[in-house]
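Working through the structure, step by step
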Amino acid sequence: MLRVRASHPTGSIPLISNNSTYSIATHRSVMLHPSALFLIIVAISAAAAHGHAANGTPAARFWEEVLPGTPMPEALAELVQKGIDHSPLVENFTGPYLSIGMCLGHVYVSVCSVERVKKAGTGLFFHEDQVRVGTTMTVSFSPAAVPAILPHAAAANVPFGNLTAADVAAMFHIAPGSTMISQVGDTLRACQPAAPSHSHAGDERHACATSLEDIVRAALRTLGTAAGGGVWVVASETPRGGLPLQPYAVDKVTPLDGDRHVACHDEPYPYAVFRCHKIGLSMTRAYLISLRGLHGGPKVAMAVICHLDTSGWNPAYPAFEMMGTKPGESSVCHFMPYANLLFGVKATGAMESF
């Protein structure tokens, strides 16, 4: 039995579709069996999906209201629709999956190794002087396996922050002691409010979210602004099937506004959990670059973030070994993987100070 903390006062949560209104009785503290959670998600998904295409979901409407003029990345829209059509709460979960976000968003160096990065792809980390037209970068990305994003009403009624890995194993019928449960434990620890002392970025600000609405809110809070109108959002156009290993020419480089940015990375879990983080007050630069495979294939637009001050990072961070450098010697740049988001403040916007 799992204890659910309701996000609404005692009463009911209205779930509105085109022609029907559903409600789920809620209480401040309710004991629910996992099967009861499954029934909740079925009702919520039916309400959200009734008569709507992907661009008509509550999540899409929220995005348009909070981030006007900013199209939702296609990969994110697919995960939102997948959460309605094929909820991970009612379909068998087959994990584990390889999330490179564990090496980009985690403060736990112990779960990120050079071997893990190499399994996820080639050329993830690089120097900023490679971000210029005419350079060639050898790159590959493994197929992405990011799970579905839950509808907000469902995510609000599924426990997350106060769970243990054993709770998740029981809820989703995942074998105890498996690789997936180990990854789930890493995610739950990384999402705790206080960063551990062995962090490679001790003053990192971060927040985890389990719905698109909460991902956006977490990113805006971490960025230091409450209004989304002055914020831009980008994601790489990496195909879900990955990128083949080959040299890619940089055909175009577009600098993005701002000198401090927030990145949101997927973390291993039975449904989508995104960890949005910003490393202290250190400056960053962000770019959108166009890669063209020299051995064929379509051009791909990739979002890039460069961390300019790495002097306080843990020397064991894999980027240093892979780039042949040490903390403080140079900036560290990396691509944003499939469906991961990068937020920044537009030049005309104003960001509140930390």
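The model shown is predicted, which means the values in this text are computed figures rather than measured ones.

Cut-offs used in this document
- Residues numbered from 1 in each chain as written.
- Predicted model: local features only at pLDDT ≥ 70, side-chain atom pairs only at ≥ 80, totals over all residues.
- Heavy atoms only, no water.
- Helix = DSSP H or I, 4+ residues; strand = E, 2+ residues; numbered from the N terminus.
- Buried < 20%, exposed > 50% of the residue type's maximum accessible area, 1.4 Å probe, protein only.
- Contact = heavy atoms within 4.5 Å.
- Areas by Shrake-Rupley, 256 points an atom, 1.4 Å probe, with all protein chains shown as cover.
- Pairing = 2+ DSSP bridges.
- Phe/Tyr/Trp six-rings, centres within 6.5 Å; stacked < 30°, edge-to-face > 60°.
- Expected span 1.5 Å × (residues − 1).
- pLDDT = per-residue confidence, 0-100.
- Polar contact = N/O pair within 3.5 Å; in protein donor to acceptor, adjacent residues only side chain to side chain.
- Core = buried A, V, L, I, M, F, W, Y, C linked by side-chain atoms within 4.5 Å.

In terms of regular secondary structure, the protein chain is built from nine helices and 16 strands. For the protein chain, the proportion of its 354 residues judged to be buried stands at 54%. Within the protein chain, contacts between residues separated by at least 24 positions form 74% of all contacts whose residues are at least 6 apart in sequence. Element-wise, carbon and sulfur atoms account for 54% of the exposed surface of the protein chain, whose accessible area totals about 15,100 Å².

Read from one edge of the open sheet, seven strands run β5-β7-β10-β13-β14-β15-β6, paired in antiparallel fashion. One side of each edge strand has no neighbouring strand; the edge strands of this open sheet are β5 (121–122) and β6 (125–126). When strand β7 (residues 136–141) meets strand β10 (residues 243–256), the two strands line up antiparallel, connected through five bridges. Looking across to β10, one finds that Phe141 is bridged to Leu243.

Applying the stated criterion across every chain, the model contains nine aromatic pairs. Relative to Tyr317, the ring of Phe125 has its centre 5.8 Å away and its plane inclined at 70 degrees; by these criteria the two rings are edge-to-face. Taken together, the residues Phe125 in strand β6 and Tyr317 in the loop between β14 (300–307) and α9 (318–323) connect sequence positions 192 residues apart. Look at Tyr317 and you get buried, because its relative accessible area is 4%. An angle of 75 degrees between the planes, with centres 5.2 Å apart, marks the rings of Phe160 and Tyr269 as edge-to-face. Of this pair, Phe160 sits in the loop between α5 (152–155) and α6 (165–172) while Tyr269 sits in the loop between β11 (262–267) and β12 (273–279), and the two are 109 residues apart along the sequence.

Moving on, we come to helix α8 (residues 212–223). The end-to-end C-alpha distance of α8 is 16 Å, a good match for the 16 Å that twelve residues give at a rise of 1.5 Å each. Burial within α8 is extensive, with nine of its twelve residues counted as buried. The set of residues buried in α8 consists of Leu212, Glu213, Ile215, Val216, Ala218, Ala219, Leu220, Thr222 and Leu223. Positive backbone phi, at 100 degrees, marks Gly224, one or two positions downstream of α8.

To continue, consider the environment of Pro255. Relative to the assigned elements, Pro255 resides in strand β10. Through-space distance from the C-alpha of Pro255 to that of Leu288 is 6.5 Å; in sequence the pair is 33 residues apart.

This brings us to the pairing of β11. Among the six residues that make up β11, six are buried, leaving the element largely enclosed by the rest of the structure. Judged by which residues are buried, β11 turns out to be covered on both faces: Val262, Cys264 and Asp266 on one side and Ala263, His265 and Glu267 on the other are all buried. Alignment of β11 against strand β16 (residues 341–345), held across three bridges, turns out to be antiparallel. Across the sheet, residue Ala263 finds its bridge partner in β16, namely Leu342.

Right, let's get into the confidence of the model for the protein chain. Chain-level statistics for the protein chain give a pLDDT mean of 78 and a share of 74% at 70 or above. Across residues 1–35 the pLDDT falls below 50, and counting only partners more than four positions away or on other chains, this stretch makes 72 contacts in the model. Below pLDDT 50 for its whole length, residues 195–202 participates in 15 contacts with residues either more than four positions away or in separate chains.

On the secondary structure map, Ser330 appears in the loop between α9 and β15 (332–335). Within the structure, the side chain of Ser330 is placed 3.5 Å from the side chain of His127, a separation counted as a polar contact. Ser330 has contacts with His127, Thr310, Met323 and Thr325, leaving out every residue within four places of it along the chain.

Take Ser140: it is sitting in strand β7. Its relative accessible area of 12% is what places Ser140 among the buried residues.

As judged from the eight bridges shared by β10 and strand β13 (residues 284–293), these two strands associate in the antiparallel manner. Residue pairing for β13: Val250 is matched across the bridge by Leu291.

Take the nonpolar core next. Counting residues in each nonpolar core, the largest one holds 35 residues, and the members touching the most others are Trp63, Ile149, Leu212, Cys264, Leu341 and Phe343. Broken down by secondary-structure element, the contributors of at least two residues to this core are α2 (58–66), α3 (74–85), β8 (204–209), α8, β9 (231–234), β11, β12 and β16. The biggest single contributor to this core is α8, with seven residues.

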